Amino acid sequence: MITRHRRAAALAARAALALLLLAPAGLIPAAQAATRVAVFDFELLDTSTEADIRGPKPEEAKRLALISQDLRQRLAQAGYTVVDLAPQAARLDKASPLRNCNGCELAIARDLGADIEVIGLVQKVSNLILNINFQVRDVSDGRVLRAASADIRNNTDEAWLRGISYLVRNRLLDPPMTGKGAP
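The structure presented is a predicted model; accordingly, all values stated were derived computationally and were not measured.

Enquirer: Tell me about the overall build of the protein, residues and numbers included.
Expert: On a plain count of helices and strands, the protein comes out with six helices and six strands. In the protein, the order of α-helices and β-strands from amino to carboxyl end is α-β-β-α-α-β-α-α-β-β-β-α. In the protein, which comprises 183 residues, the proportion classed as buried is 35%. By sequence separation, contacts in the protein at least 24 residues apart represent 66% of the contacts at least 6 residues apart. Of the roughly 10,800 Å² of accessible surface on the protein, a fraction of 56% belongs to carbon and sulfur atoms.

Pasting the structure below:
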């Protein structure tokens with residue numbers, strides 16, 4: 001019994017050594033790079049007319065940043081490489097709101113080296129009814145890979161985060177994306 005374990009350990013050690021020697025020589029293909037994704041900040045479309053009366057709410061701007069960051073973290077945890085948008089900040093500011101720029105964000109995502117992009121919109125119907133929407137597109141040709149929407153009831157951090165959690169778990173990553181959309 002001990003001899004069998006020693007032989008197995010010796011074989012495993014030789015196999016590991018062979019991998020170490022062959023990989024740098026290019027004889028074993030390197031692991032495929034993770035899919036690079038540009039996650040643009042969520043935007044708010046307030047159709048409630050509440051902003052017309054009282055102006056935009058600072059807490060909603062904070063929630064947009066909160067769900068944008070949460071989505072980036074969830075994608076990174078799922079194996080995607082989330083690209084930094086900072087190098088294109090000036091172009092993003094000029095193009096804002098992205099929902100009105102007729103796909104101009106595709107060129108920005110392409111210039112950032114992304115394979116896919118995620119754009120999102122929160123539509124505020126009233127102070128208690130909101131829709132969180134996202135769209136995933138292939139950066140090379142603009143083809144929509146995924147799109148979904150979730151209605152939430154309550155204008156709180158918790159409700160917005162639950163909406164994003166639902167969308168990621170049940171619409172964005174399930175079923176798993178394939179091809180360019182796969183990590």
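Enquirer: Lay out a nonpolar patch on the surface in plain terms, naming residues and giving numbers.
Expert: Taken together, the side chains of Val125, Leu128 and Ile129 present a nonpolar region at the surface, about 230 Å² in accessible area. Tracing the backbone through its elements, the reader meets leucine 128 in the loop between strand S4 (116-124) and strand S5 (129-138).

Enquirer: Go over the state of the cysteines, please, and point to the residues and values.
Expert: Counted by the stated rule, this structure contains one disulfide. Disulfide pairing is shown between cysteine 101 and cysteine 104; the S-S distance is 2.2 Å. Taking the torsion about the sulfur-sulfur bond, which here is approximately -100 degrees, the covalent link between cysteine 101 and cysteine 104 counts as left-handed. Owing to a relative accessible area of 16%, cysteine 101 belongs among the buried residues under this scheme.

Enquirer: Provide a residue-level description of the environment of glutamate 105, including the pertinent values.
Expert: What makes glutamate 105 buried here is its relative accessible area of 2%. For the pair glutamate 105 and alanine 95, spaced ten residues apart in sequence, the C-alpha separation works out to 7.8 Å. Among residues more than four places away in sequence, those in contact with glutamate 105 are Phe40, Leu98, Glu117, Ile119 and Arg137. Among the polar contacts made by the side chain of glutamate 105, one reaches the side chain of arginine 137 at a distance of 3.5 Å.

Enquirer: Let's hear about the packing of helix H3 (residues 58-77) against helix H6 (residues 157-172): which residues, and what values?
Expert: Working note: a packed helix pair is described by the angle between its axes plus the distance between those axes. Put simply, H3 and H6 touch, their axes get as near as 10 Å, and they point 30 degrees apart. Relative to H6, the element H3 lies roughly parallel. The handedness of the crossing between H3 and H6 comes out as right-handed. Across from Glu60, Lys62, Arg63, Leu64, Leu66, Ile67, Asp70, Leu71, Arg74 and Leu75 in H3, the residues of H6 making contact are Asp157, Trp160, Leu161, Ile164, Ser165, Val168 and Leu172. Each residue belonging to the contact of H3 with H6 can be placed in one class, and the counts come to ten nonpolar, one polar and six charged.

Enquirer: Requested: an account of unusual backbone geometry, with residues and values cited.
Expert: Note that the residue after serine 96, namely proline 97, is joined by a cis bond; omega there is 0 degrees. Checked against the element boundaries, proline 97 lands in the loop between helix H4 (89-95) and helix H5 (105-111). In this structure, asparagine 102 takes a positive phi of about 60 degrees despite not being glycine. In this fold, asparagine 102 is placed in the loop between H4 and H5. Taking the relative accessible area as the measure of exposure, asparagine 102 reaches 78% and is therefore exposed. With phi around 135 degrees, asparagine 154 is a residue other than glycine that occupies positive phi space. Along the chain, the position of asparagine 154 falls in the loop between strand S6 (144-153) and H6. Taking relative accessible area as the criterion, asparagine 154 reaches 33% and is therefore assigned partly exposed.

Enquirer: Tell me about the confidence of the model for the protein, and name the residues and values.
Expert: Of all residues in the protein, 81% have pLDDT values of 70 or greater, and the mean over the chain is 85. The model gives residues 8-31 a pLDDT under 50, and that stretch makes five contacts with residues more than four places away or in other chains.

What counts and what doesn't
- Residues numbered from 1 in each chain as written.
- Predicted model: local features only at pLDDT ≥ 70, side-chain atom pairs only at ≥ 80, totals over all residues.
- Heavy atoms only, no water.
- Helix = DSSP H or I, 4+ residues; strand = E, 2+ residues; numbered from the N terminus.
- Buried < 20%, exposed > 50% of the residue type's maximum accessible area, 1.4 Å probe, protein only.
- Contact = heavy atoms within 4.5 Å.
- Areas by Shrake-Rupley, 256 points an atom, 1.4 Å probe, with all protein chains shown as cover.
- Patch = residues over 30% accessible without salt bridge, like charges linked within 9 Å, V, L, I, M, F, W, Y side chains within 5 Å.
- Salt bridge = Lys/Arg side-chain N within 4 Å of Asp/Glu carboxyl O.
- Disulfide = S-S within 2.5 Å.
- Polar contact = N/O pair within 3.5 Å; in protein donor to acceptor, adjacent residues only side chain to side chain.
- Axes fitted to C-alpha atoms, helices over the stretch in contact; angles between N-to-C directions.
- Parallel < 35°, antiparallel > 145°, perpendicular 65-115°, else oblique.
- Left-handed = near helix turned anticlockwise from the far one by under 90°.
- Nonpolar A, V, L, I, M, F, W, Y, C, P; charged D, E, K, R; others polar.
- pLDDT = per-residue confidence, 0-100.

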